[in-house]
Amino acid sequence: MGTAADGVEQLRTGLVEPAIALGWQVAVTLTPNAGRWLRTSGELNHLEQLTCLPVRDTPRLPTETRPHPVVDCYVVAPASANYVAKLAMGIADNQALTQVSEALGTIGVPIVLFPRVNAAHVRHPAWDGHVATLRKAHVELLDGPDVWPLYEPREGPAVQQLPWTTIMESLQRVTVQTPRRPH
Ligand SMILES: Cc1cc2nc3c(=O)[nH]c(=O)nc-3n(C[C@H](O)[C@H](O)[C@H](O)COP(=O)(O)O)c2cc1C
């Protein structure tokens, strides 16, 4: 899952290629905003070629078959502040929220989530509540100064590599604990 936050353009090299190299089948779903970004840059095509699956950024029609296989584990990276808030509140108004919202209540489907946020986002009065809600639902939330130092808006480095190594380690840890579903 990718959202419209800086670093989503690194999704292929940071997450999809390394996960495929480890033997995972990877299916990419994006928020509509992230879909627009990656379609415009041409990255969406690269992701589809690499995964041999369509990238989803809209819900299917009721008459259409599901374009992705059953999911064993979700990784949301980068997650925008907007996505975190909606997920915690149970708002599922796009495909990327619908799938992870359902997974929050599904036993045996781990969720790794990296909030790509700044210091202002976490000072929003609702933020701590959102994080607490997601932790209560056993989401593997990757935050803290060692993972992602918080900068004031527009004060961080112009280009920042997302903490893909930590994200991949987390994916491997949570999926060792949770057996994969047979397909
Ligand atoms: C160039 C650009 C970079 C952005 N980077 C971030 C970011 O790193 N983190 C974040 O929470 N929002 C960021 N935003 C704002 C989100 O794109 C915006 O809140 C959007 O509604 C999120 O949509 P989504 O959660 O549906 O993907 C950025 C916006 C733009 C235009």
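For the structure itself, look to the data block above.
First things first, this report covers the structure right here in the doc. (Residues numbered from 1 in each chain as written. Predicted model: local features only at pLDDT ≥ 70, side-chain atom pairs only at ≥ 80, totals over all residues. Heavy atoms only, no water.)

**A short note on the overall build of the protein chain**
Now for step 1: Counting secondary structure elements, the protein chain contains 8 helices and 3 strands.
Now for step 2: Beginning at the N terminus, the succession of helices and strands in the protein chain can be written as α-α-α-β-α-α-β-α-α-β-α.
Now for step 3: Taken over the C-alpha trace, the protein chain has a radius of gyration of 16 Å; the compact-globule value for 183 residues is 16 Å, and the two agree within 12%.
Now for step 4: Expressed as lengths along the three principal axes of its C-alpha atoms, the size of the protein chain is roughly 45 × 35 × 30 Å.
Now for step 5: Partitioning the intrachain contacts of the protein chain with sequence separation of at least 6 by distance along the chain shows that 76% fall at a separation of at least 24.
Now for step 6: Counting every atom, the protein chain has about 9,900 Å² of accessible surface; 54% of that belongs to carbon and sulfur.
Now for step 7: Mean positive and mean negative side-chain charge positions of the protein chain (15 and 17 charges, respectively) differ by 5 Å. (Helix = DSSP H or I, 4+ residues; strand = E, 2+ residues; numbered from the N terminus. Rg over C-alpha atoms; globule rule 2.2 N^0.38 Å. Contact = heavy atoms within 4.5 Å. Areas by Shrake-Rupley, 256 points an atom, 1.4 Å probe, with all protein chains shown as cover. Lys, Arg positive; Asp, Glu negative; His and termini not counted. Charge placed at Lys NZ, Arg CZ, Asp CG, Glu CD.)

**Here we look at the nonpolar core**
Now for step 1: Counting 28 residues, the largest nonpolar core has L11, V28, L30, F114 and I167 as the members making the most contacts within it.
Now for step 2: Elements represented by at least two residues in this core include exactly α1 (11–21), α2 (32–41), α3 (43–51), β1 (74–79), β2 (111–115) and α8 (164–177).
Now for step 3: Element by element, the count of residues in this core is highest for α8, at 5 residues.
Now for step 4: If we skip the residues at most four places from it in the chain, I167 touches L15, V75, A77, V112, F114 and L142.
Now for step 5: Within the second largest apolar cluster, 22 residues are counted, among which are Y74, V76, L97 and L113. (Core = buried A, V, L, I, M, F, W, Y, C linked by side-chain atoms within 4.5 Å. Buried < 20%, exposed > 50% of the residue type's maximum accessible area, 1.4 Å probe, protein only.)

**Topic: the site of the ligand**
Now for step 1: Taken together, 13 residues surround the ligand, and among them A4, T31, S80, A81 and R116 come closest.
Now for step 2: A81 has a polar backbone atom sitting 2.8 Å from an oxygen atom of the ligand.
Now for step 3: In the complex, 65% of the free accessible area of the ligand, which totals 640 Å², lies under the protein chains.
Now for step 4: Elements with a contribution of two residues or more to the shell around the ligand: α2 and α4 (81–89). (Near = heavy atom within 4 Å. Polar contact = N/O pair within 3.5 Å; in protein donor to acceptor, adjacent residues only side chain to side chain.)

**Some points on the pairing of β1**
Now for step 1: Burial analysis of β1 places 6 of its 6 residues in the buried class, the great majority of the element.
Now for step 2: Of the strand pairs in this sheet, β1 and β2 are connected by 4 bridges, and their pairing is parallel. Looking across to β2, one finds that V75 is bridged to V112. (Pairing = 2+ DSSP bridges.)

**Re unusual backbone geometry**
Now for step 1: Following A77, the chain continues to P78 via a peptide bond in cis, the omega torsion being -5°.
Now for step 2: With respect to the helices and strands, the residue P78 is situated in strand β1.
Now for step 3: Even without being glycine, R154 reaches a positive phi, approximately 65°.
Now for step 4: Tracing the backbone through its elements, the reader meets R154 in the loop between β3 (140–141) and α8.

**Topic: the pattern of salt bridges**
Now for step 1: Enumeration according to the criterion identifies 7 salt bridges in this entry.
Now for step 2: Measuring nitrogen to oxygen at the nearest pair gives 2.6 Å for the salt bridge that ties R12 to E43. Residue R12 is located in helix α1, and its partner E43 is located in helix α3; the two are separated by 31 residues in the primary sequence.
Now for step 3: Here D93 makes a salt bridge to K86, at a shortest N to O gap of 3.1 Å.
Now for step 4: The class for K86 is buried, based on a relative accessible area of 18%.
Now for step 5: Via salt bridges that share partners, R12, E17 and E43 belong to a single interconnected network. (Salt bridge = Lys/Arg side-chain N within 4 Å of Asp/Glu carboxyl O.)

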